[in-house]
Amino acid sequence: MSDQWQRPRRGQGELGVLVLSALGEAKDPVSAGWVQERLGGDLAYTTVITILTRLLTKRAVTRERAGRSFAWTPASDQAGLAAHKMRKVLEGESDRQAVLASFVTSLDPDDERLLRELLGRMEAEGEH
């Protein structure tokens with residue numbers, strides 16, 4: 001096959017992000033076919049199902065029976081999904097303190113100040 005006909009491969013996780021983004025635009029639970037159509041129809045239906053199933057395993061989406069199929073929704077908003085990804089990365093590291101220290105020291109001053117405010121507020125409210 002000639003290079004001109006090959007599509008560039010997407011990066012790992014990119015399809016999941018696209019699917020989550022499409023789900024985020026829906027007002028109600030939607031079918032895998034709706035997601036496929038929303039993404040321009042470039043992906044095979046089975047690929048969309050595979051991605052949705054992987055996202056379900058990661059608890060990034062939920063599904064409910066809709067006839068013989070399922071209707072899908074994101075499990076949380078974009079901020080919640082980003083926080084979930086950050087926790088998963090942290091959980092995969094052996095030296096959590098070093099990772100957190102590196103993260104905090106790489107923040108710009110405004111983000112660092114915001115993080116300190118949020119932590120102070122959580123402490124004041126007795127949350128963990």
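Counting starts from 1 at the beginning of each chain's written sequence and moves along it residue by residue. Local features in a predicted model are, by the rule used here, given only for residues with pLDDT of at least 70; side-chain atom pairs are given and counted only at 80 or more, and totals for whole chains, interfaces and linings are based on all residues. The side-chain figures draw on all heavy atoms in the structure; neither hydrogens nor water molecules are used.

Engineer: Please explain the nonpolar core as it appears in this structure.
Structural biologist: Where a protein is soluble and globular, its nonpolar side chains tend to be buried together. Nonpolar core, defined: a set of buried Ala, Val, Leu, Ile, Met, Phe, Trp, Tyr and Cys residues in which side-chain atoms within 4.5 Å join the residues together. Only protein chains enter the accessibility calculation, which uses a 1.4 Å probe; a residue whose area is less than 20% of its type maximum is buried, one above 50% is exposed, and one in between is partly exposed. One finds Val-19, Leu-23, Val-35, Leu-52 and Leu-55 to be the most contacted residues of the largest nonpolar core, which totals 17 residues. Those residues within four positions of Leu-55 in sequence are excluded, and the remaining contacts are Gly-16, Val-19, Leu-20, Ala-60 and Val-61. In what follows, residue pairs with any heavy atoms lying within 4.5 Å of each other are defined as contacts.

Engineer: Got a minute to help me understand the pattern of salt bridges in this structure?
Structural biologist: Where side chains of opposite charge bring their charged atoms close, a pairing between them can arise. Salt bridge, as used here: a side-chain nitrogen of Lys or Arg that lies within 4 Å of a carboxyl oxygen of Asp or Glu. Enumeration according to the criterion identifies three salt bridges in this entry. Among the ionic pairs, Glu-25 bridges to Arg-38, the shortest N-O distance being 2.6 Å. Here the residue Glu-25 occupies a position in helix H1 (residues 14–25), and Arg-38 occupies one in helix H2 (residues 32–38), the gap between them amounting to 13 residues. Judged by relative accessible area, Glu-25 falls into the partly exposed class, the value being 44%. By relative accessible area, which is 47% here, Arg-38 ends up partly exposed. A salt bridge links Arg-116 to Glu-112, with the nearest nitrogen and oxygen atoms 2.8 Å apart. Placement of the pair is Arg-116 and Glu-112 together in helix H6 (residues 109–125), with a separation of four residues, close to one helical turn. Numbered from the N terminus, helices here are DSSP runs of H or I no shorter than four residues, and strands are runs of E no shorter than two.

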